[in-house]
Every structure is written in structure tokens, then in C-alpha cells.
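Architecture and fold: a report
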Amino acid sequence: MAILSENGASEEPRLDKARHIKYWTRCLKTLLPHQYTSNDSNRLYLAFFIISALDLLGVLESVPSKEEREDHINWIYHCQHPDGGFRMWPGTDFGVRASKDNAMWDPANIPATYFALASLLLLKDDFSRVRRRGCLEWLPRMQRGDGSFGETCVNGVVEGGMDPRFGYCATGIRFILRGTMSGPLEIEGRSVGDIDVDSFVKCVQLAEAYDGGIADLGFHEPHAGYTFCSLGALAFIDRLEVGDHAHSKRSVATAPTNPSAVISWLAYRQTELTDPDAGIDSEFTAPDDTTDNDPSQKPGVGKIAKIQQKAVTPAHQTAEHSVGISIFDLLVDGAGMSGRTNKVADTCYGFWVGASLHLMKQPTLYDHAAMRRYMLGKTQHPVLGGFGKFPGDVPDLLHGYLGLAALGLSGCEGVKVLEGGMCLSREARERLPLLWKRWDVHDEE
Amino acid sequence: MGKYSEDPLWADIEPLPTDEGGPNPLAAIAYSEEYEETMSYMRAVMAANEYSDRVLELTEDLIDMNPAHYTVWLYRAKTLFHLDKDLREELEWLNETALEHQKNYQIWHHRNLIVDRLDDCEGETEFVEQMFVKDAKNYHVWSYRQWLVKRFGLWETEELEFTERMLREDVRNNSAWNHRWYIVNGREAEGVKGEWDEGLRKRELDFAKNAVGKTPQNQSPWNYLRAIVRTAGVPLASLKEFAEQYASLDRPDSVRSSFALDLLADIFAEEEGGKDKAGKALDLLAAKYDPIRKNYWAYRKSQLGLESSTPEAVVAA
Ligand SMILES: [Zn+2]
């Protein structure tokens, strides 16, 4: 964008790779601070963030030793359920006290299973200890009659929300363990059934909202995280419609039903709004709106907001900016992504939205440079490394990882190229066909 | 020594610590001693399938420290139903817990379960509104509100007034706009007319237009307007006169809303020979009113078969 980039590359904030490596090394080698206790039951996805971040930074084979990597692999297998699938952490495994009567309280978990398999792929495990048949037999049981997937199955009831995070992970498990082969599959001499792909597609169609985004359920507010999960799941089962007419002749059900509306909604997620405390009202001030015009009433208002409040019309419409340079070129050092309409940018949506646009085969529709500036200049932590959710926030694992992943989509020096649909490096994704070959399944694409 | 190991009430339970399986477990957390102890009692109780009053207390302690524990919530629900507990009391406990962990999904699922079982939503809409004071866009709370509406049939005037109240607080609250859409259109499957009803449609169009009048640079009501005409099968051009109040190619320096300009581009594109005008509107967005999306505006032009006039717009991914 005009002013900033004309001043030369030195003005561009850069990835402080050494600090990111330090951050993730600490996450791997020392205990996570006690504040993560509330995420104890999400440990496998935290584990995936750590392993995958080190992989994206190119140090997964140097930061942990070979022996340590073996230990990590063993821990993941320790979380494997005896009947297939994985638990989120060993906390539900009753060990010597496990019995038929308490087995219901120790279920395999859909997201845990996806993140376990993805982590094994990153660690170059040979998958020989994965209970593949059991896992693929369990998978269809995790789908409800309406096509949605749950998180766990306890006492014959599929539990957890109906939202597409579980659909994404379930179809991801299917993709890793059986490619895009549909229908019954012969494994270890037994015929293993498939999930109901068509009813899942219908589920996504019902969740398409009136403004083009995708929600978790019909009539819920569209959300970039759910939009990504829906699109990613459709890609895993080869039912994604991107609107390029290549697929429109297909006789099978596809989604989304209106790809250009989804693309437009995604493009609208990029935003200069960065201050979560500012209150979005201050961003554009209507001429007759006096109540929000006093900056002193809003202690947290951001830079742009303040400037705009002085003007009676939005600042980018005043005469001095009518020569083709917008106020944003002059003042904003980046534009991240929001998760919903009229919300501020948040690091993680750089991934959710960016990867969604990549999946829709429109990777150039957002301003990658402005996005990099938002993340590298604002949410990258200057001392600790990693990324926070909002500018100035301390880093956390989720935002630290999804920040790197978003950069991996954008072509950033020092970060491996990301396979958006799987949220891990393309390099790791390319190892999948080797597994498929061994299992005699293939990617039908 | 801790709360449970020192309590004679728990003396019969042999705690069951978690086994990490070997060295170098992943994402291990510096748990407090209190958490480790609570967890090891919880595990022992679950292994024994004990459903008792003391178990309810134990789950409360554990949930307070780890509200994401997916089986403990189910275990608690089973215990409550097994003991035939007063579910109103459970709601009171949930009220406090929800305020502390409002972003947690399980809490809302549990509440759902309890209220469904009570078959009575008294006080629930008030509680939801209280939650919105803390965060008026909390996704779980809005989802829960939708569930209440459907489960207890709260469709009519009160719920519309509620969206109006929320939008008076913040006219940019897209969650409230979405909820309004649901209230108006959420029963079409059951044969209740939404935007297809002309009187209703006029009311909703006026409502959204009025909101645009207050905040022209607010995408929510613009999206709402577009959705109404699309859903009702009314031509997009019916919004032309209204959009031109906020953006006009004749006065390119005084556009008051980039969303009006975007809408006009779509309206022009549908007009006979209107493609060039659509292109001009898109150029204006790219150059001046919404430059962060300049690649998107160039894409929109290419969709119309128009050449991009800003070659620098398309950058490599
Ligand atoms: Zn986030």
C-alpha cells in the first residue's frame, strides 16, 4: 500500500523467527503455565499446535531429539482408545480400574483423533500402531441422523454440539485414513462402512446464512471459524463447490450452494479495526450522531477512531483524501481479519478467513501485505515471541499457531508453505499418499 | 494434603491419579495440587460409577477449574437426574458459573439440557439479556436464545422488541440483526410466511432503512436489505433509489456508504448496458472508499467481463 511500502522493505515488520522458536521450544520442553488447566481436556489439540508450529518453523527435527520425538509419539499412542480413535488426554483412561461398566466415561473423541493423526503425520510416524479399522468403524457411529457429527459417543448417544468443527475433524480423519475413497472398504478382512457424505453436505447447505457466510446451524450467525470448518470438510470429502463451473456438471450434492456469496462474505472479513475496546461505533461517525463523538467517553479508542471522530463524516471521505490515497494508507499499519460482520480483527481469523479463500480457489482476494503487517507489526509479541489475539496481548498457543499458519498461506520468509485445508505444512500433507499406498486406498482427485 | 484427602467423608475413596504413560508427554500443564487432587478423586468416582450428592460437589470443583472437561458435564447431568435433584437449583449454580466461564460451550449445552427437562423457560430470557450486558455478541448465548425461541415458541412481538432493544444499544450488533432475521423467517419450514408476506416485508425494509439512515457505513442493515429482496424474489433494483441517497456516481466525492456503492454496482450490472457504470462504482471502491479490498473489487470487475483498471491491484498470493 502506497506510503508504507514506498518507503522500502526496511519499514515492513518482520517475523522474529528466533523468538517464535524460543516460544514454541518452551511450550514443548517445559510445563505450560497453570492457566492452561482449563484446557486440560483439550491437550491433544494443544499438542498439535506445538508440534505443527515447530514444523512450520522448520525445527521439528532439531528442537526435540530423536528420543524425545519417540516419547512424544508414544504419548500420542498412549491416548489411543482400545477400540480405535483417540482421547484428548489420558485423564479419562481408568487404567487398571477400567472395566466394561465404566467404559462409557472413557470415549474416543473426534477432534482428539484428527489432531492425533495430524501430529503423527508431522512426526513422520509410520502409523503402524494406529487402530485404523477400529477408528474407521467408529467414525460412522459419530454421525447423527441429520448428517452432523458429534464430539463423543457416550452410552449410545452422540454428544457435543452439532457444529462443523466436528464435521471438519471427522472428515479429516476419513481423509487421512482412507483418502477420498467412498463406500464400504475392506480392511483386515472386514468390510468397513462409510459415513453418509450426502447428508453431511446437506447440513452445510442448511447452515448457509442470509448474508453469504456459514454458521454452525441454520439461522445462526455466520462465523469465519465455522465457515472454514465447513469448507474444509467439503474439501476433504471432495464435495466443495468453488463456483468455477468445473464441478457444476457433477451429479453429486455439493456445497456451498452460492459460492460467490461465500467469497464475498470472506473478502469482507478483512478490516482495519483492531481495537477490541474501542467500540465499533466510533469507527464511522454519522453526522447527526453526537453521543459517541466525545473521545473522553471511550478510553480505549484507537488511533483511527479518534481521527475519525474529529470529522463529521468518515475520514476517508473528506476532501484531503480525495486523490486516491485513503486514510488507511497513511495511518494503518495493517489490516487483519474479523470473524463476523462488524467485529474487530483477531489474529486467528487470519487463518480461518485466509485458508477459506484459498479453499475457494481465490487466494489473491485479500490484501496479504496488509495482513502480514497487522500480524507482524501488531500481534507478534516483541519479547516472548508467538502471537496474541489482539495487539499487545500476551501470546497463547491457539493464536500463536494460527498466526504462523496464516503467514504460511501468505508466503512469508521463514515459515513453511501451508496446506490451508489441513492447517499444516504442505510438506507434511505430501506424505499422505505414501500411507494411502500402503493401505491400498487413494485420493480420487 | 488437600480438601478431599483430609475429609473423612471421602476416606473410602482411593484416588486414581492420571497416568501419562511415559516421559515427555505433550502439552503437559503445571497443574495446581488442588487440581491434581480433585481430578484423581473425580477419576476414582467415575471409575466406580458413583452417583451421589458428594459427587455433585466434586464435579462443581472440577468444572470450576476445567470447564472444558467433556465427560464430567455428562456425568454431572446423569447424577442430577439419577438423584432427581431440583433442577431450579442447578440453574442457579449455572448462573454463577456461566458468568465466570461465559465462552465455554459445555455450560450452555448443560443449561439447554436442564431447561429442556424442566419444560419451562421462566426467567431464561431475562438471564440471557443479563449475559448480553457483559458481551452482547457472545455466540453461545445467541445460539441458546434461538433454541429458547424455538423450544418454547417465543416468536411473536416480545422477541422482535428484544432485537429492537439490542439494536438501540448498538445498531452494529450483527448478532442482533441475525436474530431478527431468524424471528421473521425462522418458521418458513412450518409454513409461517417471512419476507414473502408483503406487509411484513415492508415493515422489515423500513426498519433496516431507518438503521442505515442512522449509520450509513454499517454493513449489517445493508446485508439485511439485500437478503430481504433476494429471499422475496423482488428485483435488486427496487433498492436503487434508496442506495443512491448514500452513493452516486455523479457525486463521487461525497459517497456516504461504501456498502451503498457495492449494492449499486450489483444493480447497475443487472441493467441493460449498465456494466460500465458498475465498473465505475467498483473502481471508486478500489481507489477510494474501500481500498483494502482492491483485489476483490478487481475480481468483481472480472466477473462482469470488465478489465481491471488498476493493474497493481492483483498481487501474487
Ligand atoms: Zn481468535
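Residues numbered from 1 in each chain as written. Chains lettered and ligands numbered in written order. Predicted model: local features only at pLDDT ≥ 70, side-chain atom pairs only at ≥ 80, totals over all residues. Heavy atoms only, no water.

Quick notes on the overall build of chain A
Broken down by element type, chain A carries 17 helices and eight strands. Looking at chain A residue by residue over its 445 residues, the buried ones come to 63%. Considering only contacts within chain A whose residues lie at least 6 apart along the sequence, 66% involve residues at least 24 apart. (Helix = DSSP H or I, 4+ residues; strand = E, 2+ residues; numbered from the N terminus. Buried < 20%, exposed > 50% of the residue type's maximum accessible area, 1.4 Å probe, protein only. Contact = heavy atoms within 4.5 Å.)

Concerning the overall build of chain B
Regarding its fold elements, chain B presents 15 helices and zero strands. Computed over its C-alpha atoms, the radius of gyration of chain B comes to 27 Å, more than 25% above the 20 Å expected for a compact globule of 317 residues. Dimensions of chain B, computed from C-alpha atoms along their principal axes, come out at roughly 85 × 50 × 30 Å. Split into buried and exposed, the 317 residues of chain B put 57% on the buried side. Residue pairs in contact within chain B that sit at least 24 positions apart in sequence constitute 61% of those at least 6 positions apart. Averaging the locations of the 39 positively and 59 negatively charged side chains of chain B gives two centres separated by 10 Å. (Rg over C-alpha atoms; globule rule 2.2 N^0.38 Å. Lys, Arg positive; Asp, Glu negative; His and termini not counted. Charge placed at Lys NZ, Arg CZ, Asp CG, Glu CD.)

Some remarks on the coordination of the zinc ion
All names here are of chain A. Summarising the metal site, the zinc ion is bound by the protein donors D346 (OD), D346 (OD), C348 (SG) and H399 (NE2), whose distances to it range over 2.1 to 2.5 Å. Donor residues binding the zinc ion come from one chain and are separated in sequence as D-x1-C-x50-H. In this pair, D346 is assigned in the loop between β6 (336–337) and α13 (347–359) and H399 in helix α15 (residues 397–410), connecting sequence segments 53 residues apart. (Donors = N, O, S within 2.8 Å, 3.2 Å for Na, K, Ca; no water.)

Considering the confidence of the model for chain B
Here chain B shows a mean pLDDT of 94. Residues at 70 or above account for 97%. Every residue in residues 311–317 of chain B scores below 50 in pLDDT, and together they form eleven contacts with partners more than four places removed in sequence or on other chains. (pLDDT = per-residue confidence, 0-100.)

Overview of the interface of chain A and chain B
Taken together, the contacts link 89 residues of chain A with 81 residues of chain B. Taken as a group, W105, Y210 and Y268 of chain A account for 13% of the area that chain A buries against chain B, more than any other trio of residues on that side. At the boundary of chain A with chain B, the tally comes to two salt bridges. Across the pair K294 of chain B and D367 of chain A runs a salt bridge whose closest N-O atoms are separated by 3.5 Å. Along the contact surface separating chain A from chain B lie 43 residue pairs in polar contact (both at pLDDT 80 or more). Elements supplying a minimum of two residues to the side of chain A that touches chain B: α3 (43–56), α4 (66–78), β1 (152–154), α10 (259–267) and α14 (368–379) of chain A. When residues of the side of chain A that touches chain B are assigned to their parent elements, the largest contribution, six residues, is made by α4 of chain A. Classifying every residue of the side of chain A that touches chain B gives 36 nonpolar, 33 polar and 20 charged. (Buried area = accessible area lost by both parts, 1.4 Å probe. Salt bridge = Lys/Arg side-chain N within 4 Å of Asp/Glu carboxyl O. Polar contact = N/O pair within 3.5 Å; in protein donor to acceptor, adjacent residues only side chain to side chain. Nonpolar A, V, L, I, M, F, W, Y, C, P; charged D, E, K, R; others polar.)

Let's talk about the packing of helix α4 (residues 87–100) of chain B against helix α6 (residues 124–134) of chain B
Residues and elements named next belong to chain B. The contact between α4 and α6 brings their axes to 11 Å, and the two run at 15°. For the element pair α4 / α6, the angle class is roughly parallel. Where α4 crosses over α6, the handedness of that crossing is right-handed. Residues L91, N95, A98 and L99 of α4 form the contact with α6, whose own contacting residues are E124, F127, M131 and K134. Classifying every residue of the contact of α4 with α6 gives five nonpolar, one polar and two charged. (Axes fitted to C-alpha atoms, helices over the stretch in contact; angles between N-to-C directions. Parallel < 35°, antiparallel > 145°, perpendicular 65-115°, else oblique. Left-handed = near helix turned anticlockwise from the far one by under 90°.)

As for the side chain of N66 of chain B
Topologically, N66 of chain B is positioned in the loop between α2 (53–65) and α3 (70–82). On the basis of relative accessibility, which here comes to 0%, the residue N66 of chain B falls in the buried class.

Considerations on a nonpolar patch on the surface
On the surface, a nonpolar cluster with roughly 260 Å² of combined accessible area is contributed by V383, L384 and V394 of chain A. Within the element layout of this structure, V394 of chain A appears in the loop between α14 and α15. (Patch = residues over 30% accessible without salt bridge, like charges linked within 9 Å, V, L, I, M, F, W, Y side chains within 5 Å. Areas by Shrake-Rupley, 256 points an atom, 1.4 Å probe, with all protein chains shown as cover.)

Notes on helix α13 (residues 258–270) of chain B
Residue and element names in this part refer to chain B. For α13, spanning 13 residues, the distance from its first C-alpha to its last is 19 Å, which sits close to the expected 18 Å at 1.5 Å a residue. With ten of 13 residues buried, α13 is to be regarded as a mostly interior element. If you check which residues of α13 are buried, you get S258, F259, A260, L261, D262, L263, L264, A265, I267 and F268. Buried-residue contacts for α13 involve α11 (219–232), α12 (240–244), α14 (275–289) and α15 (294–303). (Expected span 1.5 Å × (residues − 1).)

Some thoughts on empty space enclosed by the protein
Residues and elements named next belong to chain B. For the structure shown, the criterion picks out seven cavities of 30 Å³ or more. Reported here for the second largest cavity is a volume of approximately 130 Å³. Lining the second largest cavity are 13 residues, and of these Y70, W73, L74, Q106 and H109 sit closest to its centre. Every element with two or more residues in the lining of the second largest cavity is listed here: α3 and α5 (105–118). Ranked by residues supplied to the lining of the second largest cavity, first place goes to α5 with five residues. Tallied by class, the residues present in the lining of the second largest cavity amount to six nonpolar, five polar and two charged. (1 Å grid on protein atoms, 1.4 Å probe; cavity = no way out; pocket = protein on both sides within 12 Å on 5 of 7 lines; lining within 4 Å. Points joined across faces, edges and corners; volume = space filled by probe spheres on them.)

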